[in-house]
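Inside the fold
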Amino acid sequence: MKKEILVSVSPLETRVATLEDEDLVEIMTESADARHIVGNIYKGRVSEVLPGLQAAFIDIGLERNAFLHAEDLVTDAQDIGAFLDEDYDNLIDHRRGRRREVPPIEKLLSRSQEILVQITKEPIGKKGPRATANITIAGRYLVLMPYADHVGVSRKIASASERNRLRKLVKNLRAGDTGFIVRTVGEGSSKTAIRAEMGYLNRLSREIVRKAKKSEAPALVYDDLGLVFSIIRDVLSEEVDSLVIDDRELYNRIRNFARRTAPKLSTRIELYSGRYPLLEAYGVERELERMLQRRVWLKCGGYIVIEQTEALTSIDVNTGKNIGKTDLERTVFETNLEAAVEIPRQLRLRDIGGIIIIDFIDMEIQGHRDEVVKRLSQALQKDRSKTRVRRMSDLGLVEMTRKRVRRSVTAQMTGRCPGCGGTGLVLSDTSLALHVENTLRRALCQAGESTVQLVCNPNVVQILENRHPAVLDRLQEEFGREIVMQANPLQPFDELTVKGVDDAKKPRRSRGRRRHVRKKS
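The notes below deal with the structure included here. (Residues numbered from 1 in each chain as written. Predicted model: local features only at pLDDT ≥ 70, side-chain atom pairs only at ≥ 80, totals over all residues. Heavy atoms only, no water.)

Thoughts on the state of the cysteines
Taken as a whole and assessed by the stated rule, the structure comprises zero disulfides. Of all cysteine sulfurs, the one in cysteine 456 lies closest to cysteine 445, which takes part in no disulfide; the gap is 19 Å. (Disulfide = S-S within 2.5 Å.)

Structure follows, in structure tokens:
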């Protein structure tokens with residue numbers, strides 16, 4: 001499989017796109033004025049302890065306080081592995097399968113107490129960032145755990161002998177009882193590389209402690225790598241064929257960084273010099289436009305519909321234009337199989353997290369159901385985010401979860417519609433006409449002027465003039481007043497402004513334009 005990473009830089013935003021066999025599978029963005037904070041370490045101050053939630057809010061100097069749960073105060077290497085989107089073995093086998101006993105948070109923290117925390121989840125919606133006291137410092141091959149004494153190896157390294165080699169190597173090289181985890185990209189690393197990074201992480205840990213001691217809370221004591229540099233550290237590997245950057249200054253900085261952290265791969269970093277914008281040349285911009293649509297078409301003619309809500313994301317699978325060739329069960333099965341591959345791609349592409357409910361088309365044969373879930377699970381293995389899939393229910397529903405660390409790409413690239421307020425719905429023509437009539441009737445009963453002005457969106461004017469002209473005629477006849485409509489393009493679709501005006505202040509119309517006035521007959 002050919003894998004490419006594209007880095008497009010602009011004054012407003014940096015975008016990183018990942019392509020697999022020329023198909024866009026992942027897009028990450030970082031605004032110039034809003035860098036990611038996941039991985040940052042802060043010296044914070046407890047602003048509030050909530051025994052009822054077994055949590056606390058920590059003032060870290062940002063707009064919103066960080067949320068810290070009691071379980072994130074107790075060091076546990078399994079939680080650290082989950083935070084880093086990896087599965088680790090040989091960490092705490094004697095406790096695996098047992099739920100930890102966590103002391104009440106009021107016995108662990110008190111108001112105004114200073115504490116060192118690390119951000120694990122970006123602010124999403126109205127929620128502030130999520131934090132943990134289980135500090136970790138990530139390098140390319142290793143993760144240092146200052147508060148743990150475990151040595152673990154990523155289970156994504158398939159070879160058991162290689163995992164054992166790395167575990168023994170780290171145990172022999174580490175000084176004292178500091179904890180370390182070997183990351184997936186550490187597979188095949190030499191003793192020299194492991195020793196060098198271990199020394200670097202230990203020095204960095206001491207620097208963080210020194211800065212924390214002299215800083216006054218709240219304060220940032222460790223700023224994790226930005227988006228592009230974290231890609232070099234965490235993603236760039238032998239599987240990546242090329243990393244293309246369209247900015248010379250960033251290209252030089254990335255090359256120098258890669259020569260230190262991944263010298264064998266630095267030659268795969270290229271500077272783009274094409275005529276067209278980088279993402280346009282690779283077809284990414286066109287794919288991003290499709291990504292913002294609810295409906296995604298499948299090659300077989302079927303389609304999926306993705307709906308994101310506050311609580312969960314629902315995905316509906318439909319046969320669409322796929323009429324099949326043999327029988328209905330085969331048509332449905334083939335559509336579901338293709339959807340089972342496309343859905344994981346869309347989840348990665350849109351960076352959708354949380355609870356996800358997939359409504360596959362009903363299948364009668366149990367073997368077909370099992371095969372669809374198996375195909376879904378296989379496709380999810382390409383995802384760096386942690387996922388869990390439940391078996392298909394009798395209704396054809398599959399429940400799954402995907403770890404959410406930041407806002408979805410759709411949420412980052414779009415805003416709330418000023419017309420519908422984000423619901424995607426506006427009043428029908430008939431309901432709108434009734435709303436206008438009731439609003440005007442109420443105003444006419446109160447206003448004393450001979451003329452009443454209705455200021456509304458131009459689309460509302462067209463609906464009243466072309467679809468429901470009798471509304472204004474009826475009111476003018478009943479009240480004996482003149483109603484003047486004034487179109488305002490900036491007015492929200494469902495917002496009406498009614499006011500009485502003197503005859504001398506009536507709005508004048510430009511010659512040649514359609515009059516928005518209906519007089520009494």
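Quick word on the sheet that holds strand β22 (residues 397–402)
Strand order in this open sheet of six strands is β17-β18-β19-β20-β22-β21, and the pairing throughout is mixed. Edge positions in the sheet fall to β17 (295–297) and β21 (387–389), since each has one partner strand and no second. Averaged over neighbouring strand pairs, the angle between their axes works out to 20° when direction is ignored. In this structure, strand β18 (residues 303–308) lies alongside strand β19 (residues 313–318), joined through six bridges in antiparallel fashion. The partner of tyrosine 303 across the bridge, within β19, is asparagine 318. Sheet strands in contact with helix α9 (residues 328–350) are β17, β18, β19, β20 (354–359) and β22, and its direction is about 150° off that of β19. Those strands touched by helix α10 (residues 366–380) are β20, β21 and β22, and its axis lies near 175° from that of β21. (Pairing = 2+ DSSP bridges. Helix = DSSP H or I, 4+ residues; strand = E, 2+ residues; numbered from the N terminus. Axes fitted to C-alpha atoms, helices over the stretch in contact; angles between N-to-C directions. Contact = heavy atoms within 4.5 Å.)

Thoughts on unusual backbone geometry
Cis geometry marks the peptide bond from alanine 217 to proline 218, where omega comes out at 0°. Within the secondary structure layout, proline 218 lies in the loop between α4 (191–214) and β14 (219–222). The residue aspartate 21 is not glycine, and still its phi comes out positive at about 55°. Within the secondary structure layout, aspartate 21 lies in the loop between β2 (13–20) and β3 (23–31). Residue aspartate 21 is classed as partly exposed on the basis of its relative accessible area, which comes to 44%. (Buried < 20%, exposed > 50% of the residue type's maximum accessible area, 1.4 Å probe, protein only.)

Focus: the packing of aromatic side chains
This model, assessed by the stated rule, comprises three aromatic pairs. Arranged with centres 5.7 Å apart and planes meeting at 70°, the rings of phenylalanine 57 and phenylalanine 67 form a pair that is edge-to-face. One end of the pair, phenylalanine 57, is in strand β5 (residues 55–59); the other, phenylalanine 67, is in strand β6 (residues 66–69), and 10 residues separate them in sequence. Across from the ring centre of tyrosine 276, 5.8 Å away, lies the NZ or CZ of arginine 275, which sits over that ring. Just above the ring of tryptophan 297 sits the side chain of lysine 321; from NZ or CZ to the centre is 4.9 Å. (Phe/Tyr/Trp six-rings, centres within 6.5 Å; stacked < 30°, edge-to-face > 60°. Lys NZ or Arg CZ within 6 Å of the ring centre and 35° of its normal.)

A few points about the packing of α9 against α10
Interhelical geometry of α9 versus α10 gives an angle of 20° and a closest axis separation of 8 Å. Taken together, the axes of α9 and α10 are roughly parallel relative to one another. Of the two elements, α9 crosses α10, and the hand of that crossing is right-handed. In contact with Glu329, Phe333, Asn336, Leu337, Ala340, Val341, Pro344 and Leu347 of α9, α10 contributes His368, Glu371, Val372, Arg375, Leu376, Ala379 and Leu380. Its residues assigned to classes, the contact of α9 with α10 comprises 10 nonpolar, two polar and three charged. (Parallel < 35°, antiparallel > 145°, perpendicular 65-115°, else oblique. Left-handed = near helix turned anticlockwise from the far one by under 90°. Nonpolar A, V, L, I, M, F, W, Y, C, P; charged D, E, K, R; others polar.)

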